[in-house]
Amino acid sequence: MKKHSIAIFTALAVAAISGQAQAKNDAPEWVSKAVFYQIYPSSFKDSNGDGVGDIQGVIDKLDYIKSIGVNTLWFNPMFSSEFKDGGYDITDFYSIDKRFGTNADFKRLVEEAHKRGLRVCLDLVAGHTSDQNAWFLESKKGPDQRYSDYYIWPDRIPDDVKGKEKDQISGVIGEDSFVKTDSGRSPFYIKNYYDSQPALNYGYANPNPQHAWEQPIDAPGPMAVRREIENIIAFWMDKGADGFRVDMASSVVKNDPGKLASIKVWQDISSWYKAKYPEGVLISEWSNPKESSAAGFNIDFMMHTGKYNFSSLFFNKVGGEFEPQVSYFAKQGKGQIKEWYDLYTEQYNATKGKSYISLPTGNHDIQRLNAGDRNTLDQLKVTMTFFLTMPGTPFIYYGDEIGMKFQTGLWNKEGSQGRATKNRAGSRTPMQWDDSKNAGFSTADYWNLYLPVDKDANRPTVAKEDKDPASLLNYTRQLLTLRKDSPALSADGDWKLVSDVNQPYPMVYLRSSGDDRYLVVLNPSEQPRDVSVAALKVKTAKLVAGDNIQGSYKPGDQSDAIHAGAISAQVYKLD
Ligand code: NOJ
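All values reported here derive from a predicted model rather than from experimental measurement.

1. Let's talk about the site of the ligand
Lining the immediate environment of the ligand, one finds D85, Y88, H128, Y193, R245, D247, M248, E285, H364, D365, R424 and R428. Take H128: an N or O atom from its side chain is 3.0 Å from an oxygen atom of the ligand. For the ligand, whose unbound accessible area comes to 300 Å², protein coverage reaches 97%. In terms of residue class, the shell around the ligand is made up of three nonpolar, two polar and seven charged.

Below you can see the structure in the form of structure tokens.
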């Protein structure tokens with residue numbers, strides 16, 4: 001089959017699957033209004049002075065979190081772990097790691113969050129475990145144990161894989177996926193990320209009969225893994241969790257380039273989930289909303305990974321390296337939006353009414369927005385305006401609401417030197433609360449801190465920004481209030497680029513829902529810019545957020561004239 005006919009076949013097959021399982025967005029009602037706040041738990045707030053954040057610390061800060069205007073928390077993994085990959089190497093999926101507290105503390109967190117109208121989502125690391133997980137230790141012993149087929153044990157590296165690297169877009173495994181072991185059972189196991197993270201066995205899309213280790217997805221081992229994942233989900237949902245973000249969700253079935261088998265596995269799990277927990281949300285780290293939507297996920301990210309990424313807007317490179325000269329949201333004004341626009345609109349049109357796309361402000365794997373020379377309040381306000389006025393589900397990474405700075409020159413902390421993004425520690429430094437010791441994060445001595453606190457004397461803190469009406473924190477609050485009260489600006493409101501995609505400064509888009517209409521104007525460049533757009537038939541245009549000195553909007557009969565000052569954002573309510 002030629003390349004394009006394979007693509008058409010895949011698209012049709014995805015559509016067929018999606019048609020069967022999910023004709024409409026079946027997310028619970030609350031998800032349409034959800035605004036997430038992501039917490040990297042080791043860095044948020046330390047309540048016991050050991051230098052590492054914990055659950056009690058988060059409980060102490062729930063009122064602050066609520067005050068931002070978010071309503072749902074997502075925590076990076078808090079389960080028992082070896083911490084060779086920041087908690088993504090789990091040794092026991094059924095217990096909270098002692099550095100964060102206990103299972104009882106988690107229940108208290110949920111109760112306290114729910115009292116304040118905040119929901120709580122956890123991280124489901126479905127694709128792999130730690131190599132110290134009891135399941136793996138038992139599986140290693142041989143083929144006749146309860147957990148033997150939870151993992152994949154090749155007896156050799158096949159010739160056609162030799163010399164090939166794992167394909168980062170399709171997920172097809174390469175020689176680098178085979179880890180040498182002296183287990184006695186087999187010379188290799190298959191890993192998912194680091195060597196210390198053996199892949200759980202969901203089977204192969206098309207098992208090769210010559211490769212005994214490649215099992216079909218419905219073989220007893222892969223089926224037992226699926227049921228185990230459901231047990232884990234049920235365990236935490238029954239303790240009050242409101243849903244999960246699923247780590248590397250698209251990676252579960254091996255050698256599945258069109259993802260049809262992975263979609264099938266998740267349809268099985270997600271339909272069980274929806275029947276048992278109709279109020280629960282499922283979020284995927286899949287980075288292909290069309291596919292994840294067919295698999296039954298309610299929200300998917302477009303960020304730095306996979307084909308469908310927003311790298312050209314912020315990094316201009318998959319992997320998240322910062323290149324200010326070329327990214328769109330850089331003051332040099334040399335970027336473009338076409339690449340992102342094409343990827344985004346393809347996904348937006350395909351998933352509208354089915355599931356939500358999230359463009360997160362950042363996360364624990366990518367550089368923060370405040371990086372390099374993208375570091376002024378104006379610049380950060382322009383990016384925040386973008387994130388909080390786009391359709392889909394906003395995710396704010398802790399500290400981005402105060403403009404915390406990406407830290408350079410940090411060492412490898414618990415696996416932070418990732419495979420694609422080399423310095424993930426720079427985005428994982430302690431939250432900056434106030435001017436007390438360690439910015440109020442912890443009373444521990446410097447060398448006991450999880451990572452060092454930003455040393456800049458003028459570093460942003462919650463305490464400072466709370467008092468300053470012009471701060472990024474208060475601007476974020478203002479945008480979230482606006483969004484909450486407007487059907488047009490909500491997750492479901494329509495979105496349309498009204499400026500020319502090939503003349504990206506300023507970028508102008510319309511959000512609408514019936515008569516409710518907003519126009520958003522973004523100019524990240526340090527040159528003032530003028531643009532005219534086809535008349536939007538406006539009687540009045542009221543500036544409701546953004547810069548009120550530098551910009552103007554003049555409606556006309558044929559076209560509307562927009563002026564955007566240097567590094568500025570405007571949100572107009574149109575009547
Ligand atoms: C994606 C997570 O976001 C990242 O932090 C982790 O290292 C890998 N998955 C492996 O679990």
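2. Side note on the layout of surface pockets
Roughly 410 Å³ of internal volume is contained in the second largest pocket. Forming the boundary of the second largest pocket are 21 residues, of which K33, V35, N71, L480 and K484 lie nearest the centre. At the level of elements, α3 (62-68) and α13 (472-484) are the ones that each hand at least two residues to the lining of the second largest pocket. A total of five residues in the lining of the second largest pocket trace back to one element, the largest contributor, which is α13. The class makeup of the residues in the lining of the second largest pocket is seven nonpolar, eight polar and six charged.

3. Here we look at the sheet that holds strand β18 (residues 552-554)
Taken in spatial order, the three strands of this open sheet run β16-β19-β18, and their pairing is antiparallel. The open sheet has two edge strands, β16 (529-534) and β18, and neither has a second partner. Averaged over all neighbouring strand pairs, the angle between strand axes comes to 15°, with direction disregarded. Of the strand pairs in this sheet, β18 and strand β19 (residues 559-564) are connected by three bridges, and their pairing is antiparallel. Across the sheet, residue Y553 finds its bridge partner in β19, namely I562.

4. Here's the deal with the nonpolar core
Residues Y37, I65, F106, W266, W340 and F386 are the most contacted members of the largest nonpolar core, which totals 142 residues. Among the elements that take part in this core, helix α6 (residues 220-237) stands out by supplying seven residues, more than any other. Counting residues in each nonpolar core, the second largest holds 14 residues, with V498, V531, V538 and Y572 among its members.

5. Concerning the sheet that holds strand β15 (residues 516-523)
With antiparallel pairing, five strands are arranged side by side in an open sheet as β13-β14-β15-β20-β17. The sheet is open, and its two edges are formed by β13 (494-497) and β17 (541-546), each paired on a single side. The average angle at which neighbouring strand axes cross in this sheet is 25°, direction not considered. Where β15 and strand β20 (residues 568-574) come together, seven bridges link them in antiparallel fashion. The residue of β20 that forms the bridge with N523 is S568.

Reading guide: rules and limits
Residues numbered from 1 in each chain as written. Predicted model: local features only at pLDDT ≥ 70, side-chain atom pairs only at ≥ 80, totals over all residues. Heavy atoms only, no water. Near = heavy atom within 4 Å. Polar contact = N/O pair within 3.5 Å; in protein donor to acceptor, adjacent residues only side chain to side chain. Areas by Shrake-Rupley, 256 points an atom, 1.4 Å probe, with all protein chains shown as cover. Nonpolar A, V, L, I, M, F, W, Y, C, P; charged D, E, K, R; others polar. 1 Å grid on protein atoms, 1.4 Å probe; cavity = no way out; pocket = protein on both sides within 12 Å on 5 of 7 lines; lining within 4 Å. Points joined across faces, edges and corners; volume = space filled by probe spheres on them. Helix = DSSP H or I, 4+ residues; strand = E, 2+ residues; numbered from the N terminus. Pairing = 2+ DSSP bridges. Axes fitted to C-alpha atoms, helices over the stretch in contact; angles between N-to-C directions. Core = buried A, V, L, I, M, F, W, Y, C linked by side-chain atoms within 4.5 Å. Buried < 20%, exposed > 50% of the residue type's maximum accessible area, 1.4 Å probe, protein only.

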